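# Chains, contacts and geometry: an overview
So you can see what is in the structure, the chains are spelled out below.
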Amino acid sequence: MLFPDFRGRRLRANKNFRRMIRETKLSCDDLILPLFAIEGKDIKKPIESMPGHFQLSCDYIVKKAKEAHEAGVPAIILFGIPDKKDSLATRAYAPDSIVQKAVKEVKEKVPDILVITDVCLCGYMDHGHCGVVEKGIIDNDASLDLLAKTALSHAEAGADMVAPSDMMDGRVSEIRQTLDEEGFSHLPIMSYAVKYSSAFYGPFRQAAESAPQFGDRKTYQMDPANSIEALREATMDVEEGADIIMVKPALSYLDIIYRLKEEIDLPIAAYNVSGEYSIMKAGEIMGWVNANEIIMETLLSIKRAGADLILTYSAIEVARELNS
Ligand code: PBG
């Protein structure tokens, strides 16, 4: 049908028509809020590169979790900044370490919010890499046991779901097997299956104090040029027992989200990462864009591409806006 028989503007003429024919709807059910937990009490240390976000001691993590819950956000994902780093990431899997404590406190005080934990070693290693380093090389197989131990310690602390973000090969099956053996066969795994080596993680590395001290993450995180490989990575994690497949970052990879949604029969999550958030906030601070509007438009685009779940630093504000 062509003009003048078809007039696209007819169904755009007012708010109610637009409401009725809207194809994609963002919902607070889709949102996951990342938070950074730090040792101590009464600490709320601003993260310079992520306006509105802080390194929070457990008391503040609980407050934020409550706020998120009240706003209608169903889940948070926790990252930890440990009191010490070493070459075996021992604070990643110690039962009294920061994430384990934060999980316990949130589950005790805000039991109705889901607590997801990021499972990685980079923030706990003195060299800042996501696996064990042997003679300057990131040793895949030597890292698997530590990752599984970390996931298990989170499960024992009460986490509702674990999310491995390290990009070592075979870690999903290692974690699945360990959880199953230790009585956590009910605990789902959200795998950062398709994680690109991205400059958009810059602000996060400041927030989590997890920048690599030598080299980069290109030998384990994916080359941004590849999409067939994304499918292979996702398929592998499905076979290894992942319950949710994540694509990260989101905005430069909407084609990947779209493709995985078509080909993978599991829920797809997308991580609207720190750099994406900070750029929008910077635009707001400069007075050049309306950050609230571009955040809503951005999240909508991630959903339209096919994401079922979105990890976003704006989850609370967005949930409030959606419910207003
Ligand atoms: C840990 C991890 C990173 C992010 C999530 N988990 C950083 C990295 O891989 O360097 C990035 C999240 C963000 O940028 O918001 N491996």
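Structural data are supplied above this passage.
The rules behind each value
- Residues numbered from 1 in each chain as written.
- Predicted model: local features only at pLDDT ≥ 70, side-chain atom pairs only at ≥ 80, totals over all residues.
- Heavy atoms only, no water.
- Helix = DSSP H or I, 4+ residues; strand = E, 2+ residues; numbered from the N terminus.
- Rg over C-alpha atoms; globule rule 2.2 N^0.38 Å.
- Buried < 20%, exposed > 50% of the residue type's maximum accessible area, 1.4 Å probe, protein only.
- Contact = heavy atoms within 4.5 Å.
- Areas by Shrake-Rupley, 256 points an atom, 1.4 Å probe, with all protein chains shown as cover.
- Lys, Arg positive; Asp, Glu negative; His and termini not counted.
- Charge placed at Lys NZ, Arg CZ, Asp CG, Glu CD.
- Patch = residues over 30% accessible without salt bridge, like charges linked within 9 Å, V, L, I, M, F, W, Y side chains within 5 Å.
- Salt bridge = Lys/Arg side-chain N within 4 Å of Asp/Glu carboxyl O.
- Arc of directions from axis to C-beta.
- Near = heavy atom within 4 Å.
- Polar contact = N/O pair within 3.5 Å; in protein donor to acceptor, adjacent residues only side chain to side chain.

## Some remarks on the overall build of the protein
Counting its secondary structure elements, the protein contains 12 helices and 12 strands. Computed over the C-alpha atoms, the radius of gyration of the protein is 20 Å, within 12% of the 20 Å expected from 2.2 N^0.38 for a compact globule of 324 residues. With respect to the three principal axes, the spread of C-alpha positions in the protein is 70 × 45 × 40 Å. The proportion of buried residues among the 324 residues of the protein is 55%. Taking the intrachain contacts of the protein between residues at least 6 apart in sequence as the baseline, contacts between residues at least 24 apart amount to 73%. Roughly 15,100 Å² of accessible area belongs to the protein as shown, and the carbon and sulfur atoms make up 52% of that amount. For the protein, the centre of its 38 positive side-chain charges and the centre of its 50 negative side-chain charges are spaced 8 Å apart.

## Brief notes about a nonpolar patch on the surface
Taken together, the side chains of L11, F17, M20 and I21 present a nonpolar region at the surface, about 380 Å² in accessible area. When you line up the elements, I21 lands in helix 1 (residues 15-21).

## Points about helix 9 (residues 254-263)
Along helix 9, the residues that are buried comprise I256, I257 and L260. The arc enclosing the buried residues of helix 9, seen along the axis, measures out at 100 degrees, which places them on a common side. Elements in contact with the buried residues of helix 9: strand 9 (190-195), helix 8 (228-240), strand 10 (244-248), strand 11 (268-272) and helix 11 (291-305).

## Section: the site of the ligand
Around the ligand, 18 residues are found, and the nearest of them are K195, R205, K248, S274 and Y313. Side-chain polar atom of K195 to an oxygen atom of the ligand: 2.7 Å apart, as the coordinates give it. One of the backbone nitrogen or oxygen atoms of S274 is found 2.7 Å away from an oxygen atom of the ligand. Coverage of the ligand by the protein chains reaches 99% of its 400 Å² of free accessible surface.

## A look at the side chain of S57
Mapping S57 onto the fold places it in the loop between strand 3 (54-56) and helix 2 (58-71). For S57, a relative accessible area of 0% gives the class buried. At a separation of 3.1 Å, a polar atom in the side chain of S57 contacts the main-chain amide nitrogen of D42. There is a polar contact of 2.6 Å between the side chain of S57 and the side chain of D59.

## Considerations on a positive patch on the surface
Taken together, the side chains of K15, R18, R19, R22 and K25 present a region of like positive charge at the surface. Assignment of secondary structure puts R19 in helix 1.

## Digging into unusual backbone geometry
Note that the residue after F3, namely P4, is joined by a cis bond; omega there is 10 degrees. As for its position among the elements, P4 is in the segment before helix 1. Geometrically, the link from K248 to P249 is a cis peptide bond, its omega value of -10 degrees lying close to zero. Along the chain, P249 turns up in the loop between strand 10 and helix 9. Residues other than glycine seldom take positive phi values, yet D42 does so here, at roughly 55 degrees. Mapped onto the secondary structure, D42 falls in the loop between strand 1 (31-38) and strand 2 (44-46). Here the phi dihedral of A89 falls at roughly 50 degrees; this positive angle occurs in a residue that is not glycine.

## Description of the pattern of salt bridges
Applying the stated criterion to the full structure yields 15 salt bridges. A salt bridge links K107 to D160, with the shortest nitrogen-to-oxygen separation between them at 2.7 Å. Taken as a pair, K107 in helix 4 (residues 98-109) and D160 in the loop between helix 5 (140-157) and strand 8 (161-164) lie far apart in primary sequence, 53 residues in all. Of the charged contacts in the structure, one is a salt bridge between R171 and D166, with a shortest N-O distance of 3.2 Å. A residue is classified by how much of its surface remains accessible, and R171, at 2% relative accessible area, is buried. Taken together, the shared-partner salt bridges in this structure form one network comprising K64, E67 and R320.

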